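# Close look at the chain arrangement
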Amino acid sequence: MKIALVYPIFKKNGQYPLLSQNRQFRYSNSKEIRIFPLIMGTAATMLKKQGHEVLFLDAINERLTKEEYEQKLKNFNPELILLETKAPILKITWKHIDYLKEILNSKIALCGDHVSFNPKESFENSKVDFILVGGDYDVGILKLSNSLENKEQLSEGIWFKKEGKIIENGFLPEMKDLDNIPFIDRELTKWKNYGEAYLRKPSMYILSGRGCGGGHYGSGKCTFCIWQHALWKCRARLRSPKNFVDELKYLSEHYKIREVFDDNEAGGVWDKKWVEEVYKEMKEQNLLDKIYISSNARADSLDSKTCKLMKKIGYRLLKIGLESGNNKTLKILNKGETIEEIKEGVKTAKREGMVVLLTTMVGFPWETEEDVKRTYEATKELMLYKTKIGDSLQSSIIMPYPYTPLYKLAEKKGWLIYDAKDYEKLDQTRPILKTKIDTQKWCKKIWAIHTHPLFILKTLFSIRNKNDLELIFRGVKSVIGHLKDY
Ligand code: SF4
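Scope of this entry: the structure provided in the associated data block. Just so it is clear, the structure is predicted and the values come from calculations on it, not from any experiment. (Residues numbered from 1 in each chain as written. Predicted model: local features only at pLDDT ≥ 70, side-chain atom pairs only at ≥ 80, totals over all residues.)

Each turn of an α-helix holds 3.6 residues, which means side chains three or four residues apart point in the same direction. Taking 1.5 Å of rise per residue, the 15 residues of helix α13 (residues 369-383) would be expected to cover 21 Å, and the 21 Å separating its terminal C-alpha atoms lies within 8% of that figure. Looking only at α13, the buried set comprises V372, T375, A378, T379, L382 and M383. Relative to the axis of α13, the buried residues are bounded by an arc of 135° and lie together on one face. For α13, the exposed residues set more than 90 degrees away from the buried face come down to E369, E370 and E377. Contacts made by the buried residues of α13 are with β15 (315-323), α12 (339-351), β16 (355-362), β17 (392-397), α15 (439-447) and α16 (453-461). (Helix = DSSP H or I, 4+ residues; strand = E, 2+ residues; numbered from the N terminus. Expected span 1.5 Å × (residues − 1). Buried ≥ 20, exposed ≤ 12 C-beta atoms within 10 Å, placed from the backbone. Arc of directions from axis to C-beta. Contact = placed C-beta atoms within 7 Å.)

What the seven strands build is an open sheet, ordered β4-β1-β5-β6-β7-β8-β9; its pairing is mixed. With partners counted over all chains shown, the strands left at the sheet margins are β4 (53-58) and β9 (165-167), one partner each. Taken over all neighbouring pairs, the strand axes of this sheet differ in orientation by 20° on average, direction set aside. As judged from the five bridges shared by strand β5 (residues 80-84) and strand β6 (residues 107-111), these two strands associate in the parallel manner. Residue L83 lies in a different strand from β6, and its bridge partner there is L110. (Pairing = 2+ DSSP bridges. Axes fitted to C-alpha atoms, helices over the stretch in contact; angles between N-to-C directions.)

Taken together, the buried positions of helix α10 (residues 304-313) are T306, C307, M310 and I313. All buried residues of α10 project into a common sector of 115° when viewed along the axis, lining one side. Looking at α10, the residues exposed on the side facing more than 90 degrees away from the buried face are S304 and K305. Its buried side turned inward, α10 meets α9 (272-284), β14 (292-297), β15 and α12.

On their own, these measurements won't tell you what the molecule is for.
Following this line, the structure appears as structure tokens:
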């Protein structure tokens, strides 16, 4: 079959949507953020391996015009199109699906977090043919294409319409052994289009697994964490250390990649045994010192022994959710760690030589001005602790997506400012929950820690070479872009 995997171009006021591989959607002025859609990448790879003809068309990150995007799609003339969507652009996606149905003779499938929670409404509001419900939609689209080709019954997790009736068809079964997934075909998926300011170039994205593990609960259960709830059912799977390191070796040797970013929810580092095995594999495959790994991580995974080993492996930057400086908030969010534990984990990682990207949120309905000040202070304290080039932060407005536990709590407590169906309001440009603080002001203030004189001074003193200078240059451009967003 001819199958197109597509991210259409939906710009707003000249800003690009951060859609692919973004848990939190927004439009941004930053030209530096182009995160590679990993599951879509494996979908393209698996389809091609199966013998299908594949077009990987990420018009957002290729920075295509609407006309270029449509022309490419028309020229390819796909029999099947898969689009990923999220709540804030759901209504635009519905319109786009109907438009594509007019100009092409393709079947259209939809995937993503929101439609995994509520597949029905997309059938009711658009001419979509199939919805892949769940996170393993790479396996889902493969099964769908094979079923269509062989005219077989559609398997579990693929919802469809029959004689005008929506056929509810469960959740995509989890692939048990992630080692069975092929390494992503980086040419087919145009790897050069992707990257972020804080990564050493050339860089690529990788997944050590699917779903967040670790913490007090054994797996991530944060009430706002959309993918963990919608796609992974609050479970975690990891690739074997050997399979993970084999891919690193392939990327290092074949593409001379200097850094990978592991965009698994909390990386693989929550599993200490996994870290030990990765180290052994890296050593055995003579890969130590050849490639940097940056990764998402939970702070409570970061004890001194694990950090020492991670440093030896080549871990460089860790993206860690601080969320709030208040234990009350962390408890309501079900974060499974306290601010003291978060500070300890972050400081340990920094002491052991890694740099940290902190993510913070503001605008919780129960937080006061005093509370948000504590978040600001905690963030500042950690940013100024053993500051090195590459330390950075992100600050955003809490955006509970529909059907997440936090959203349900907001409905129950009457915190929602907008109608529950005003999905487009969830684009980070405004709070959607009642709040006692000025969210724009505080986001900007927290972002501005990057410009704190002590932070700048410490960062400058840590510059060691030309690569560091390049990193600083890209980082500054990115921060300016972000500050414009607020
Ligand atoms: S720790 Fe991070 S990835 Fe894990 S559930 Fe919480 S927010 Fe999600």
